[in-house]
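# Chains, contacts and geometry: an overview
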Amino acid sequence: MSTLELHVDVAVPVDTAWENLHQVENYPSFVEGVRGARTESGGRARLDVDSGGRAREVEAEVSDRGERVMEWLTTGAPELTGSFSLQPIEQNRTRIQARLEYDPDTVRDAFGGPKGFAQTNAIERLVRTDLEHFKEYLERG
């Protein structure tokens, strides 16, 4: 398994960021490749994903752990786990830390793409871009 950790600082209060992180239906506005998203009963989320012309549905179990930590785990292929933790920096500034654990071969098989180092760089760019898009989404209000 590979682990990726990235963060972004946003100019909104921690409660605003936390609320928006839980609005799964808005993920298509800032998560690359997500065409539709919805919450379901039992702490599940379902995402309709398009990656490289391949449409697929990804289901995840989502739960809150501790103070402002959201964890998620896909329930099928590809097997991915991750978390978002939010820390207040100032009254109107928040740090969002994203952590993703994945098997590069599994991700490549599920979504296509290059092997090895190139795959790791592609995943890091994608997560970094999604965090930047989330920042823009939050700061636009």
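Throughout what follows, the structure given in this document is the object of discussion. For clarity, every value in this text was computed on a predicted model and none was experimentally measured.

What follows is about the overall build of the chain. Per the secondary structure count, the chain includes 3 helices and 7 strands. When its helices and strands are written in sequence order, the chain yields β-α-β-β-β-β-β-β-α-α. Sequence-distant contacts, at least 24 apart, represent 47% of the contacts inside the chain between residues at least 6 apart. Surface exposure of the chain reaches about 7800 Å², of which carbon and sulfur atoms provide 46%.

Under the counting rule described, the total for this entry stands at 15 salt bridges. Between Glu-5 and Arg-99 there is a salt bridge, with its nearest N and O atoms 2.2 Å apart. In this pair, Glu-5 is assigned in strand S1 (residues 2–10) and Arg-99 in strand S7 (residues 93–102), connecting sequence segments 94 residues apart. Since its relative accessible area comes to 46%, Glu-5 is described here as partly exposed. A salt bridge links Glu-61 to Arg-44; the nearest nitrogen and oxygen atoms lie 3.4 Å apart.

Basis of the calculations
- Residues numbered from 1 in each chain as written.
- Predicted model: local features only at pLDDT ≥ 70, side-chain atom pairs only at ≥ 80, totals over all residues.
- Heavy atoms only, no water.
- Helix = DSSP H or I, 4+ residues; strand = E, 2+ residues; numbered from the N terminus.
- Contact = heavy atoms within 4.5 Å.
- Areas by Shrake-Rupley, 256 points an atom, 1.4 Å probe, with all protein chains shown as cover.
- Salt bridge = Lys/Arg side-chain N within 4 Å of Asp/Glu carboxyl O.
- Buried < 20%, exposed > 50% of the residue type's maximum accessible area, 1.4 Å probe, protein only.

Geometric descriptors of this kind do not, in isolation, establish any biological role.
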